[in-house]
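Architecture and fold: a report
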2 protein chains.
Amino acid sequence: MQKPKIHTMEELSSAIGVSRPTLSRYFQDPSKVSRTSANRILSGLEKVDYTPNFFATRMNRKTTGMIGVIIPYLNDLFFTRLLESIETAAMRAGYTVITQCSHADPAIEKRAAETFLSMNVDGAIVAPLGNHSDLQVYERLNDRLPFVLMDSRPETLADVDFVGTDHLQSTGAITEYLCRVGAPPVFLAMPRVNFNALEREAAYIKKMDELGFEPRIIGVDPMDSQDHFEGHGLAVLDDMFSRQELLDASFLCANDRVAIGALRAAAKHGLEPGALRRGGLRIAGHDDYPLCPFMTPTLTTVAQDVTAIGQAAVDHLLKKLRGENIDNNQVILLINGVLKLRESA
Amino acid sequence: MQKPKIHTMEELSSAIGVSRPTLSRYFQDPSKVSRTSANRILSGLEKVDYTPNFFATRMNRKTTGMIGVIIPYLNDLFFTRLLESIETAAMRAGYTVITQCSHADPAIEKRAAETFLSMNVDGAIVAPLGNHSDLQVYERLNDRLPFVLMDSRPETLADVDFVGTDHLQSTGAITEYLCRVGAPPVFLAMPRVNFNALEREAAYIKKMDELGFEPRIIGVDPMDSQDHFEGHGLAVLDDMFSRQELLDASFLCANDRVAIGALRAAAKHGLEPGALRRGGLRIAGHDDYPLCPFMTPTLTTVAQDVTAIGQAAVDHLLKKLRGENIDNNQVILLINGVLKLRESA
DNA sequence: AGCAATAATTGACGCATGTAAAAAAACTTT
DNA sequence: AAAGTTTTTTTACATGCGTCAATTATTGCT
């Protein structure tokens, strides 16, 4: 507090009697300076208040040590967990993460990408907005930077690396489980906000075909475009149950947030979904949203391995920015989901 | 894509035939340049690929147009909503928000604060970590920058401005409601991770005293220190119900996430909390977590006005950094909570 | 003590922009 | 068309630090 504020390395240099280039090297990596100088600098820093200017350092370094991350929503625990695992992995590797949230707006997403470019971030990881995103933004980033797409994948981008869940496996696994233990499930879709929505639908249909069941999908048209997920699930099933339809069906919801809305619809109509009530109403989700174990009934789902996805995204990005990708083929890392059997199905 | 990449303003200047200082002024504010030059620059930019270097611009401007925000958790929808409202308010005012999450680690919080200082952000808004934070970090920020503390308030900081919910009012209101409509509530505390935990406890006790009821607080010692909230609520009440205690009590939970755990404990023991069952078990929360309307039963709570808090924090910060705070007295903005009566109490 | 090896300092230049003052050019106005 | 006003260009310097080459100081070793 009372320590005198020092603004430049120059001042610091004359204040503690160590040359500026030495200071510069010290702040980049203390081990690049001799033991004695390091100690002299350390004890000097205790007497004054100085931090190297963030912009000046970053501007001149060839590498900024920053990686940019864009996610579409902040109000979704799936993305925040993903973000957390990325931050942890990046921090461990000595990188700083700059996060931008596109708030589901392609214009903001585009601007965020431009910001990353103008900041010379060392690499970028993006969870795409979905149908509305401008794919050129990803192509542009991919051209200019080590770049990894995450979570949801636009099929048409042939050169962009991707890390995410293997939805064919995950959705397949839960579909298979539901078919095995009870009535074949109806798929309660989510609004098609991203590419996963369609991928999960497709995976469901494929597995149903495989098992010889008739697929059926409801809730494709959002009833309430305001509320993407919980509200959507609630509205669709509330409507259904009010018409006394599908009262004892099995539902596979496109994600857990939709499933939470579905659970609410069931409760509203006095229905008690559950695995134990053979033949009765069942509701399952996808993702393993953190609140699943606390719902009533607890929600059966397939977990996406968020930690693994985040870690893999960072690992792969670092490999790229170190130039370790041997060939230039597109890399697609798909990570398996894990069934979480609970009460609801 | 195919447009030639231009790296410096100098190059751009000779490429489109406009002097560099004019370009500089254009990029800071297009209106500071004549109509004709603006058009010439615009059409020039369509032919090439150029963005001003983020660091170089920021380094030289007296004002960076950035405000720093630190929040303790990302995996909490309360904070993400707060963050969203701050970002919206800041964006509207033309500021860029840099977010850092301290991951409940005082060392990370401190480093984030230092980063903001070294970036010359125009101001900072921080939601404190809680008991473990280093208060000197806030004092330091407050000394060096326009600074506002948000959400939870360390009492000992006499000079730091604050924006948050009036817990005396909000907790008082729900306590009063619970007393009025049924049995006086027991307070199910949350782990004392931040100052709000204690403030709500105190507000509960005060209101109970006022109404002539005996306050009772449970769950102060975290049973499971891993899981702060839902798991805590579940563990405490599960334990309680297993011993056949408090089976028909009213519970006021320190926040909604604890309440969600409490709901789960009730369901696990076959109990159905509800406002309609007079004299029976009731559970209420605090915050209006977005999932409250989707719980079973839907969760009665007091809403914190997140939008108002975020907006007020930004407004006040902008006022400070424009030098509009007339006197230097500490400003404390307290915003009222609003009762959300639902099924659970 | 003397020599080689290692580390630190000095001085100079570069980075991509902001900014200010003076000169030149482009418009307005009468 | 001349005078006056606004805008742009020119020129030069500033920002805070990275980086390099050459020089000097320090260290370890025999």
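Residues numbered from 1 in each chain as written. Chains lettered and ligands numbered in written order. Predicted model: local features only at pLDDT ≥ 70, side-chain atom pairs only at ≥ 80, totals over all residues. Heavy atoms only, no water.

1. Quick word on the protein's contact with DNA strand D
Close to DNA strand D lie 26 residues; A:Met9, A:Ser24, B:Ser34, B:Ser37 and B:Asn60 are nearest. When atoms of DNA strand D within 4 Å of the protein are split into backbone and base, the sugar-phosphate part holds 67%. At a separation of 2.3 Å, a phosphate oxygen of DNA strand D approaches a polar side-chain atom of A:Ser24. In this structure, A:Gln28 approaches DNA strand D through a side-chain N or O atom, which is 3.2 Å from a phosphate oxygen. Sorting the residues of the surface near DNA strand D by element identifies helix 2 (20-28) and helix 4 (54-60) of chain A together with helix 2 (20-28) and helix 4 (54-60) of chain B as the ones contributing at least two each. (Near = heavy atom within 4 Å. Polar contact = N/O pair within 3.5 Å; in protein donor to acceptor, adjacent residues only side chain to side chain. Helix = DSSP H or I, 4+ residues; strand = E, 2+ residues; numbered from the N terminus.)

2. So, the environment of B:Phe55
Within the secondary structure layout, B:Phe55 lies in helix 4. The class of B:Phe55 is buried, set by a relative accessible area of 1%. Put simply, B:Phe55 and B:Thr307 are 252 residues apart on the chain and 32 Å apart in space, counted from C-alpha to C-alpha. What B:Phe55 contacts, discounting residues up to four positions off in sequence, is A:Phe54, A:Phe55, A:Arg58, A:Met59, A:Thr64, A:Met66, A:Ser118 and A:Met119. (Buried < 20%, exposed > 50% of the residue type's maximum accessible area, 1.4 Å probe, protein only. Contact = heavy atoms within 4.5 Å.)

3. With respect to the packing of aromatic side chains
One pass over the structure, following the stated rule, counts 17 aromatic pairs over all chains. Taking the centre distance of 5.8 Å and the plane angle of 45° together, the rings of A:Phe55 and B:Phe55 count as tilted. A residue pair is termed interchain when its members come from two chains, as with A:Phe55 in helix 4 and B:Phe55 in helix 4. Taken individually, A:Phe55 and B:Phe55 each receive the classification buried, so the pair is uniform in this respect. Between B:Phe241 and B:Phe251, the aromatic rings sit 6.2 Å apart at their centres with planes inclined by 75°, giving edge-to-face as the arrangement. With a gap of 10 residues between them, B:Phe241 in helix 10 (residues 230-242) and B:Phe251 in strand 8 (residues 250-253) connect regions that are remote in the sequence. Exposure remark for B:Phe251: the relative accessible area of 0% places this residue in the buried category. Three or more aromatic residues link up through ring pairs in this structure, and these residues are A:Phe54, A:Phe55, B:Phe54 and B:Phe55. (Phe/Tyr/Trp six-rings, centres within 6.5 Å; stacked < 30°, edge-to-face > 60°.)

4. Observations regarding the protein's contact with DNA strand C
Around DNA strand C sit 25 residues, and of these A:Thr22, A:Ser34, A:Asn60, B:Ser24 and B:Asn60 come closest. Among the atoms of DNA strand C close to the protein, meaning within 4 Å, 67% are from sugar or phosphate groups. A distance of 2.8 Å is found between a phosphate oxygen of DNA strand C and a side-chain nitrogen or oxygen belonging to A:Ser37. Side-chain polar atom of B:Tyr50 to a phosphate oxygen of DNA strand C: 2.8 Å apart, as the coordinates give it. Elements that contribute at least two residues to the surface near DNA strand C include exactly helix 2 and helix 4 of chain A together with helix 2 and helix 4 of chain B. Among the elements that take part in the surface near DNA strand C, helix 2 of chain A stands out by supplying 4 residues, more than any other. Looking at the surface near DNA strand C, its residues break down into 8 nonpolar, 12 polar and 5 charged. (Nonpolar A, V, L, I, M, F, W, Y, C, P; charged D, E, K, R; others polar.)

5. Describing the domain arrangement of chain A
Note on interface size: it is often stated as the accessible area lost on association of the parts. Taken domain by domain, chain A consists of domain 1 (9-58), domain 2 (66-165 + 306-335) and domain 3 (167-303). Relative placement of domain 1 of chain A and domain 2 of chain A: their C-alpha centres are 34 Å apart. (Domains from an automatic or database assignment.)

6. Quick notes on the relation of the copies chain A and chain B
The operation relating chain A to chain B is a screw motion whose rotation component is 180°, with 0.1 Å of axial translation and a residual RMSD of 0.1 Å. Read as a symmetry element, the transformation amounts to a two-fold axis. Within chain A, A:Phe55 has its C-alpha nearest the rotation axis, a separation of 2.5 Å. By residue overlap, the copies meet face to face through one surface: 100% of the interface positions of chain A are interface positions in chain B. (Least-squares fit on C-alpha atoms with pLDDT ≥ 70 in both.)

7. Description of helix 1 (residues 9-16) of chain A
All names here are of chain A. Residues of helix 1 that are buried include every one of Met-9, Leu-12, Ser-13 and Ile-16, and no others. The buried residues of helix 1 all sit within an arc of 105° when viewed along its axis, so they share a single face. Turned more than 90 degrees away from the buried face of helix 1 sit Glu-10 and Ser-14, all of them exposed. Of the surrounding secondary structure, the elements contacted by the buried residues of helix 1 are helix 2 and helix 3 (35-47). One or two positions beyond helix 1, positive phi appears at Gly-17, with a value near 70°. (Arc of directions from axis to C-beta.)

8. A closer look at the sheet that holds strand 6 (residues 186-188) of chain A
All names here are of chain A. Spatially, 7-6-8-9 is the arrangement adopted by the 4 strands of the open sheet, whose pairing is parallel. Unpaired on one side and paired on the other, strand 7 (217-218) and strand 9 (282-284) mark the two borders of the sheet. Alignment of strand 8 (residues 250-253) against strand 9, held across 3 bridges, turns out to be parallel. Each bridged residue has a counterpart across the sheet, and for Phe-251 the counterpart in strand 9 is Ile-283. Each of strand 6, strand 7 and strand 8 touches helix 9 (residues 195-211); the most contacted strand, strand 6, lies at about 180° to it. Each of strand 6, strand 8 and strand 9 touches helix 11 (residues 256-268); the most contacted strand, strand 9, lies at about 160° to it. (Pairing = 2+ DSSP bridges. Axes fitted to C-alpha atoms, helices over the stretch in contact; angles between N-to-C directions.)

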